[in-house]
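One-letter residues, chain by chain:
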Amino acid sequence: MNPEAARSARQNGLALVAVLWMVAALSIVVVGMSQGVRGETRRTSLSRQGIVQGALGTAAVNLVIQEMLSSAEPVTRLTYKNVTYQGTEIAVEILPVNGLIDINNASEALLTKLISVQGGMALERARNLAQATIDIRSVKDSTGQSRGFESVEDWLKVPGIDYTLYARMKNLVSADLFGVGSGRVNALAAPPAVLAVLTGGNTGQALRIASDRDAGRTGIDTTMLNASEIDNASTRRYRISARVPVSTDTQLWTTQTIDLTAIKRDGMPWRILHAERRYEVTRPERSS
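Residues numbered from 1 in each chain as written. Predicted model: local features only at pLDDT ≥ 70, side-chain atom pairs only at ≥ 80, totals over all residues. Heavy atoms only, no water.

Asker: Describe in detail the sheet that holds strand β2 (residues 88-96), supporting the description with residues and values.
Answerer: The 5 strands lie next to each other as β1-β2-β5-β6-β7, forming an open sheet whose pairing is antiparallel. In this open sheet, the two strands that pair with only one neighbour each are β1 (79-85) and β7 (271-281). Looking at each pair of strands side by side, their axes are set apart by 20° on average, direction ignored. (Pairing = 2+ DSSP bridges. Helix = DSSP H or I, 4+ residues; strand = E, 2+ residues; numbered from the N terminus. Axes fitted to C-alpha atoms, helices over the stretch in contact; angles between N-to-C directions.)

Written out as structure tokens, the structure is:
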């Protein structure tokens, strides 16, 4: 092959390689864009699904509230209802807030029991943290009134209540009875974990009370509980939670804490104290 022909062949070869590299690069770009579009489409779909499920949960909560307002009898027990809305069956839990432990008014003894039983702290350490809680909530404001805790999260202001300890106890407590609570617990409204605290860690007794309560029995024996820590009075404040199925192992919880006392200044029939949404994944039990 003469030099001119060889040089032409080399140039043609380099051009072919360049074209192949360009094709490969474009292929990578196209694949990346395709994956990005698919990912964005999936995120948009999940976002839309979350909005729809949240709306279903809110609708179920509102239907239950309307039913409660139309009833002559207040809900005084932890109560469960099934609501069907737009073809979806939604489980709703109605929890009178005085079924939780009131960190703004609970006694030192009850707080000690909570921190010891649910928090897993040694008794003396639990007693110190209970007293520290009372000290913090009793700080006076400029008017001479106790500041209290505005939210459950404010409990983290107490020295020694770190997030790990707080996370163990946060679902058992409330700060929504400040100024109106007695500091005692409505045992018939209390979840099993709160009942376990009231029994000093006797889960068998706690489950028996919860089982009798959930079966609708009257005259439930609560004599094993400390009488100074329980009070079955009614309240107008409730934590209402709707559980919307997302998949076979995932639910979306929509929760509103409300006050059913009508607001005269604006005519609203109830007031939302706070609201939240969270996903919960149910892990299947392992076979032995």
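Still to come is the rest of the account.
Asker: Please provide a residue-by-residue account of the layout of surface pockets, values included.
Answerer: Considered as a void within the structure, the largest pocket measures approximately 660 Å³ in volume. Forming the boundary of the largest pocket are 27 residues, of which K170, N171, R239, T255 and E276 lie nearest the centre. For the lining of the largest pocket, the secondary-structure elements that each account for two or more residues are β4 (173-174), α5 (192-198), β5 (237-247), β6 (250-259) and β7. By residue class, the composition of the lining of the largest pocket is 12 nonpolar, 7 polar and 8 charged. (1 Å grid on protein atoms, 1.4 Å probe; cavity = no way out; pocket = protein on both sides within 12 Å on 5 of 7 lines; lining within 4 Å. Points joined across faces, edges and corners; volume = space filled by probe spheres on them. Nonpolar A, V, L, I, M, F, W, Y, C, P; charged D, E, K, R; others polar.)

Asker: Quick rundown of the packing of aromatic side chains? Include the residues and the values.
Answerer: Within the structure shown, the criterion is met by 1 aromatic pair. With centroids separated by 5.6 Å and ring planes inclined at 50°, the aromatic side chains of Y163 and Y166 adopt a geometry described as tilted. Of this pair, Y163 and Y166 both sit in helix α4 (residues 163-169), 3 residues apart, roughly one helical turn. Owing to a relative accessible area of 4%, Y166 belongs among the buried residues under this scheme. (Phe/Tyr/Trp six-rings, centres within 6.5 Å; stacked < 30°, edge-to-face > 60°. Buried < 20%, exposed > 50% of the residue type's maximum accessible area, 1.4 Å probe, protein only.)

Asker: How would you sum up the packing of helix α2 (residues 108-117) against helix α3 (residues 123-137)? Please name residues and give values.
Answerer: Two packed helices can be described by the angle between their axes and the distance between those axes. It is at 8 Å that the axes of α2 and α3 come closest, and there the two elements cross at 130°. Viewed along their axes, α2 and α3 adopt a mutual orientation that is oblique. Relative to α3, α2 is oriented so that their crossing is right-handed. Here α2 contributes E108, L111, T112, I115 and S116 to the contact with α3, which in turn contributes L123, A126, R127, L129, A130, Q131, T133, I134 and R137. Partitioned by chemical class, the residues of the contact of α2 with α3 number 7 nonpolar, 4 polar and 3 charged. (Parallel < 35°, antiparallel > 145°, perpendicular 65-115°, else oblique. Left-handed = near helix turned anticlockwise from the far one by under 90°. Contact = heavy atoms within 4.5 Å.)

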